[in-house]
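Letter by letter, the chains look like this.
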Amino acid sequence: MTYIEHLLSVIASAAMSLLMAITGLGASHTPGTAYVKASGATEISCYAVKVRDRPQEDSLAHGIGYRGEGFDFEKFAYRRSERAWYSYGTVTRKYDGEKVRGYVRYECGNPHASDSAPLPKIPA
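Residues numbered from 1 in each chain as written. Predicted model: local features only at pLDDT ≥ 70, side-chain atom pairs only at ≥ 80, totals over all residues. Heavy atoms only, no water.

As enumerated under the stated definition, the model contains one disulfide in all. A disulfide bridge connects Cys-46 with Cys-108, and the sulfur atoms are separated by 2.0 Å. Measuring handedness by torsion sign, the sulfur bridge of Cys-46 and Cys-108 sits at about -80° and is left-handed. Taken together, the positions of Cys-46 in the loop between β1 (33-43) and β2 (48-52) and Cys-108 in the segment after β6 (99-105) put the pair 62 residues apart, joining distant regions of the chain. There is no split in this pair, since Cys-46 and Cys-108 are both buried. (Disulfide = S-S within 2.5 Å. Helix = DSSP H or I, 4+ residues; strand = E, 2+ residues; numbered from the N terminus. Buried < 20%, exposed > 50% of the residue type's maximum accessible area, 1.4 Å probe, protein only.)

So, in structure tokens, the structure goes:
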């Protein structure tokens, strides 16, 4: 690769990153993840669950939701590499009233408010 080709590649990459930041595409979708729109209110059904930045196990945790705390969900995400469902929404903590937005494991924040919740159909 020549210097000019390398320079053009770097410029194209920077332009794409800027476009994704402006349109918000990078923040809302993670590669290898399928999303399903849904909305409603339920509560956390696990003893404790981390509220994460993205729908993946090693993502940054913003806080913890505990059993019985309110959870307003907006969508579900299926992470193919983990074979796991996540729910996205807002957890309202009981002890201080703070609202924490992010992804929780589907088993802990689902519309059925039970640990044995039926999973959504896996998107194509």
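Membership of the largest hydrophobic core comes to 14 residues, with the highest contact counts inside it found for Phe-71, Val-91 and Val-104. Where this core is concerned, the elements lending two or more residues are β2, β4 (70-79), β5 (84-92) and β6. Of all the elements, β4 adds the most residues to this core, at four residues. In this view, Phe-71 contacts Gly-40, Ala-41, Thr-42, Glu-43, Ile-44, Ser-87, Tyr-88, Gly-89, Thr-90, Val-91, Val-104 and Gly-109; residues no more than four positions away in its chain are not counted. Membership of the second largest hydrophobic core comes to six residues, among which are Tyr-35, Tyr-86, Tyr-88 and Tyr-103. (Core = buried A, V, L, I, M, F, W, Y, C linked by side-chain atoms within 4.5 Å. Contact = heavy atoms within 4.5 Å.)

All chains considered together, the criterion is met by five salt bridges. Two residues, Glu-57 and Arg-52, come together in a salt bridge whose shortest N-O distance is 3.8 Å. Residue classification places Glu-57 among the partly exposed residues on the basis of a relative accessible area of 41%. For Arg-52, a relative accessible area of 10% corresponds to the buried category. Salt-bridge contacts for Arg-93 lead to Asp-96; the nearest nitrogen and oxygen are separated by 2.9 Å. Residue class for Arg-93 comes out buried when judged on its relative accessible area of 14%. (Salt bridge = Lys/Arg side-chain N within 4 Å of Asp/Glu carboxyl O.)

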